[in-house]
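An overview of the molecular structure
Chain residues, written in single-letter form:
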Amino acid sequence: MALGATIHTFDVQLADVDRGVYDDLTLRVARHPSETDANMILRLLAYCLEFEEGIAFSEGISSQDEPAVLVRDLTGSIVAWIEVGAPDAERLHHGGKLADRTVVYTQREPSRLLASWAGKRIHRSDELVLHTFDPRFVDGAVAALERRNTVTLSITERQLYLELNGTSLTSAVHDHRLG
């Protein structure tokens, strides 16, 4: 018998001073058995840092045609293709053709990831943004993870302040570009 997804609940107080976004969110995030806790935390961070009307988690690992997070406009068109982890160039090329912008959030070494994409065909590669965090930031969040989570997330001047179940973590949000 196949294992089902584990549901994690996140009650989030979001204060993104940089973008003027302030909201309280209750998110139910399904973690597929083959997904790591770190990847799920990245999906949560990507969702919060990109939060806007029309944002949604995709079906995740079970969907090959959608990114981890996406933003649709009122017509249903994809506005933002938001990947996490280490997507391949072909996937980013596909997303770049469908969406107005393509973004990746990762805890991996950015130079290696960018090198793996260099010279490959990626639609609008000059507009692709790779976001990373300080070393051990995601690991610290994973250590504080529970099934039901209370989160306070503040972003100011690209500095991230995260309180997850009483554990406080900080990190800069580092932006990298291909090329």
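Structure: above.
Please read these numbers as outputs of a predicted model, since none were measured by experiment.

Two measures define how a pair of helices packs: the angle their axes make with one another and the distance between the axes. Close contact between helix H1 (residues 37–49) and helix H4 (residues 137–144) brings their axes to 9 Å; oriented N to C, the two are set at 105 degrees. By the criterion of interaxial angle, the relationship of H1 to H4 is roughly perpendicular. In contact with Asp37, Ala38, Ile41, Leu42 and Leu45 of H1, H4 contributes Phe137, Val138, Ala141 and Val142. Its residues assigned to classes, the contact of H1 with H4 shows eight nonpolar, no polar and one charged.

This part is about the pattern of salt bridges. Scanning all chains against the criterion turns up ten salt bridges. With its nearest N and O atoms 2.8 Å apart, the salt bridge here joins Glu35 to Arg43. Each member of the pair, Glu35 as well as Arg43, is classed as buried. For Arg72, the salt bridge is made with Glu66, and the minimal N-O distance between the two is 3.4 Å. Salt bridges here are not isolated pairs; linked through shared partners, they connect Glu50, Glu52 and Arg101.

Conventions used here
Chains are numbered independently. Their residues run from 1 in the order of the written sequence. A pLDDT threshold of at least 70 governs which residues receive local features in this predicted model, and a stricter bar of 80 or more applies before side-chain atom pairs are shown or counted, although totals over entire chains, interfaces and linings include all residues. Hydrogens and water molecules were not included; the side-chain quantities draw on all heavy atoms of the structure. Whenever a helix is involved, its axis is fitted only over the stretch in contact; in every case the axis is a line through C-alpha atoms, and angles between N-to-C directions fall within 0 to 180 degrees. Under the DSSP-based scheme used, a helix requires at least four consecutive residues in state H or I and a strand at least two consecutive residues in state E, with every element numbered from the N terminus. For classification purposes, an angle smaller than 35 degrees is called roughly parallel, one larger than 145 roughly antiparallel, one from 65 to 115 roughly perpendicular, and anything else oblique. Contact between two residues is taken to exist if any of their heavy atoms lie within 4.5 Å; hydrogens are not considered. When residues are grouped by polarity, Ala, Val, Leu, Ile, Met, Phe, Trp, Tyr, Cys and Pro land in nonpolar, Asp, Glu, Lys and Arg in charged, and all others, Gly among them, in polar. Put simply, a salt bridge is a Lys or Arg side-chain nitrogen that is within 4 Å of an Asp or Glu carboxyl oxygen. Only protein chains enter the accessibility calculation, which uses a 1.4 Å probe. A residue is then buried if its area is under 20% of the maximum for its type, exposed if over 50%, and partly exposed in between.

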